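# A closer look at the structure
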Amino acid sequence: MHIADLAPGGAEMAVVLTDHESAPVLSAAADRGIATEVVERPDDKSRADHEARVRDHLDDYEFDLVCMDGYMRVLSAEILDALPTTLNVHPSLLPSFRGDDAHEQALAAGVRTTGCTVHVTTEELDAGPIVTQEAVPVYEDDDADDLKRRVLHEAEFKAYPRAVRWFAEDRVEVGDDGVTVDGDESGQFPTRRVGSDDRSRTLRYGENPHQDAALYADAGDDEASVVHADQLNEGAKALSYNNYNDADAALDLIREFDEPAAAVIKHTNPAGCATADSLSQAYDDALATDAMSAFGGIVALNRPCDAPTAESIVESFKEVVVAPGYTDGALDVLTEKEDLRVLDVGTLGERGDTLAEKPLTGGRLVQERDDWVPTREDLEVVTERDPTEAEIETMLFAWRTLKHVKSNAILFASGTETVGIGMGQVSRVDAVRLASMKAEEHAEGKSAEGAVMASDAFFPFPDGVEEAAKSGISAVVQPGGSVNDEDVIAAADEHDMAMAFTGKRCFRHD
């Protein structure tokens, strides 16, 4: 019935046949408008007689695939030759644990992984060519009933519809040498994905105190990460769900830069970011963007933290510091704060994982990471005034930072430091107003006057540029591509702004 509900590949259930008149599937099929047949096998009737009656009952139906489930009978060569390809699902990873007690066998063998196998039915029990399999874990406290439920819902409910879809899409060839599936490919986006993560720790709570949570780790991933980071401040409380989420976002941002860089993150958005000749200066410049919002935030550094930087960090309350190492002097300063979590992620190195994922109800989205950043050559100047060398440098810095701001996103920057950030607005012009307000009211020792504005997507109307002009913005970098680009450019020209198009946007919704 799960297959009938999913209709994988457009497959439609022609008929459900059972050998027991009280089988629950009969009412379930009837509720779905699916025809049903009952062909019982009395003790005094032979297998040949029973199979002949099965064929008679199926003669009035058109179908090109047979799926058995719990039929518990070995079919003869005669009926298998008469029927189209016939599949069966077995509750183990064949060829292990054949027979009707697969779960008990798995438990007795002490395996840590079992699952199901969809195979082509042959005269030999549970031995036909394998079409697909799905694995599930076996836990120490499992019994046979536990495995039965898990294999059914987490393995059979995935593998059987997959097999039916492949047949419905005419991708399966069954030959003397087994089964081949056209398009069952590996690569960046493989046709099937198998994941296995280990629970690293149970967290105090999730995003909110009423939500339970845990951290799972990929033991095969040796890339610098907050998941595998050492926490160097003994006695500090464990990281929370939000701490991990924010620290990961902070680490992601500062990896954009080769120069000494610092960022302060709050709710996965940067409150400020900067690069400078020294790490301590970069931190001071990042913090000065919005010190009020940075209170209780996450600090990330792309160089080993030194004592001067540590002394600046502890001047205000922070939850976590993330860095690729610490000097002894820095640790002396940071560990004086009892509840400051100090994470050493190790050498940053090259990015390994090129994909990003988002779980959805019923599945997940997988995409390439947004690793693209514009170079000078990528910037298309579209205004009467060309940007200065300093403005170009700021445009390139701003774009790297903007990629990590929730959309709709606007970022004001001067030199290589943020001035005001407008994030997560449903209206682009409101994001401009928010960045302007942040620059005017929250920034310390810096101003939007003469700054560069970066936008993560095109301006649909000139109003965003006109609002920016009120704050003294002198140059704009944006993707371009709006039907109103000419009007937007004209507004920039009217205010003697330089504007460059990148040709690519950098939306961020998570």
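Attention here is on the structure that accompanies the text.

Calculation criteria
Residues numbered from 1 in each chain as written. Predicted model: local features only at pLDDT ≥ 70, side-chain atom pairs only at ≥ 80, totals over all residues. Heavy atoms only, no water. Helix = DSSP H or I, 4+ residues; strand = E, 2+ residues; numbered from the N terminus. Rg over C-alpha atoms; globule rule 2.2 N^0.38 Å. Buried < 20%, exposed > 50% of the residue type's maximum accessible area, 1.4 Å probe, protein only. Contact = heavy atoms within 4.5 Å. Areas by Shrake-Rupley, 256 points an atom, 1.4 Å probe, with all protein chains shown as cover. Lys, Arg positive; Asp, Glu negative; His and termini not counted. Charge placed at Lys NZ, Arg CZ, Asp CG, Glu CD. Expected span 1.5 Å × (residues − 1). Core = buried A, V, L, I, M, F, W, Y, C linked by side-chain atoms within 4.5 Å. Salt bridge = Lys/Arg side-chain N within 4 Å of Asp/Glu carboxyl O. Axes fitted to C-alpha atoms, helices over the stretch in contact; angles between N-to-C directions. Left-handed = near helix turned anticlockwise from the far one by under 90°. Pairing = 2+ DSSP bridges.

## With respect to the overall build of the protein
- Each helix and strand in the protein was counted, giving 15 helices and 24 strands.
- Computed over C-alpha atoms, the radius of gyration of the protein comes to 31 Å, more than 25% over the 24 Å expected from 2.2 N^0.38 for 510 residues, which places it beyond the range of a compact globule.
- C-alpha extents for the protein along the principal axes are approximately 95 × 60 × 40 Å.
- A buried classification covers 47% of the 510 residues belonging to the protein.
- Contacts in the protein between residues at least 24 apart in sequence constitute 53% of all its contacts with a sequence separation of at least 6.
- Accessible surface, the protein: about 25900 Å² in total, of which carbon and sulfur atoms supply 44%.
- Measuring between centres, the 45 positive side-chain charges of the protein sit 3 Å from its 103 negative side-chain charges.

## What about helix H7 (residues 241-254)?
- Between the first and last C-alpha of H7 there are 21 Å, a value that for 14 residues agrees with the 20 Å anticipated at 1.5 Å per step.
- Of all the positions in H7, only Asn243, Tyr244, Asp246, Ala247, Ala249, Ala250, Leu251, Asp252, Leu253 and Ile254 are classed as buried.

## So, the nonpolar core
- Counting 48 residues, the largest nonpolar core has Val226, Val322 and Val345 as its most contacted members.
- Aside from chain neighbours lying at most four places away, what touches Val322 is Val226, Ala247, Leu251, Ile298, Val299, Ala300, Leu301, Leu343 and Val345.
- Ala262, Val264, Leu279 and Val333 belong to the second-largest nonpolar core, a separate cluster that totals 24 residues.

## Side note on the pattern of salt bridges
- By the definition in use, this model includes 31 salt bridges.
- The residue Asp510 makes a salt bridge to Lys358 at a minimum N-O spacing of 3.3 Å. One end of the pair, Asp510, is in the segment after strand S24 (498-501); the other, Lys358, is in strand S17 (residues 355-360), and 152 residues separate them in sequence.
- Owing to a relative accessible area of 48%, Asp510 belongs among the partly exposed residues under this scheme.

## With respect to the side chain of Thr275
- Turning to its location among the elements, Thr275 is positioned in strand S13 (residues 269-275).
- Ignoring sequence-local partners within four residues, the contact set of Thr275 consists of Phe257, Glu259, Pro260, Ala261, Ala282, Phe397 and Thr416.

## Overview of the environment of Ala108
- Of note, Ala108 is situated in helix H5 (residues 102-109).
- A C-alpha to C-alpha distance of 35 Å links Ala108 and Phe167, two positions 59 residues apart in sequence.

## Observations concerning the packing of H5 against helix H6 (residues 144-168)
- Contact pair H5 / H6: the axes reach a minimum separation of 9 Å and the direction vectors enclose 115°. The two elements H5 and H6 meet at a crossing, and its hand is right-handed. Judged by residue contacts, His103, Glu104, Ala106 and Leu107 of H5 engage Ala144, Leu147, Lys148 and Val151 from H6.

## Section: helix H13 (residues 428-441)
- An ideal rise of 1.5 Å per residue puts 20 Å on 14 residues; H13 measures up with 20 Å between its terminal C-alpha atoms.
- Tucked inside the fold, the buried residues of H13 contact helix H9 (291-294), strand S20 (410-414), strand S21 (417-422), strand S22 (452-455) and helix H14 (463-470).

## Observations concerning the pairing of strand S7 (residues 172-175)
- The pairing of S7 with strand S8 (residues 178-181) spans 4 bridges and is antiparallel. Pairing of Glu173 across the sheet is with Thr180, part of S8.

## Here's the deal with the sheet that holds strand S6 (residues 130-137)
- Here we have 4 strands laid out as an open sheet, ordered S3-S4-S5-S6, and mixed in their pairing. Edge positions in the sheet fall to strand S3 (66-68) and S6, since each of these pairs with one other strand and no more. When strand polarity is set aside, the average angle formed by the axes of neighbouring strands in this sheet is 15°.
- When strand S4 (residues 86-90) meets strand S5 (residues 113-120), the two strands line up antiparallel, connected through 4 bridges. Note on S5: the bridge partner recorded for Leu87 is Val120.
- Where H6 meets the sheet, it contacts S3, S4, S5 and S6, and its direction lies at approximately 150° from that of S6.

## Details of the side chain of Glu391
- Looking at the element boundaries, Glu391 is found in helix H12 (residues 389-402).
- Owing to a relative accessible area of 9%, Glu391 belongs among the buried residues under this scheme.
- Sequence-distant contacts of Glu391, defined by excluding residues within four places in its chain, comprise Arg385, Asp386, Val452, Ser474, Ala475 and Ala498.

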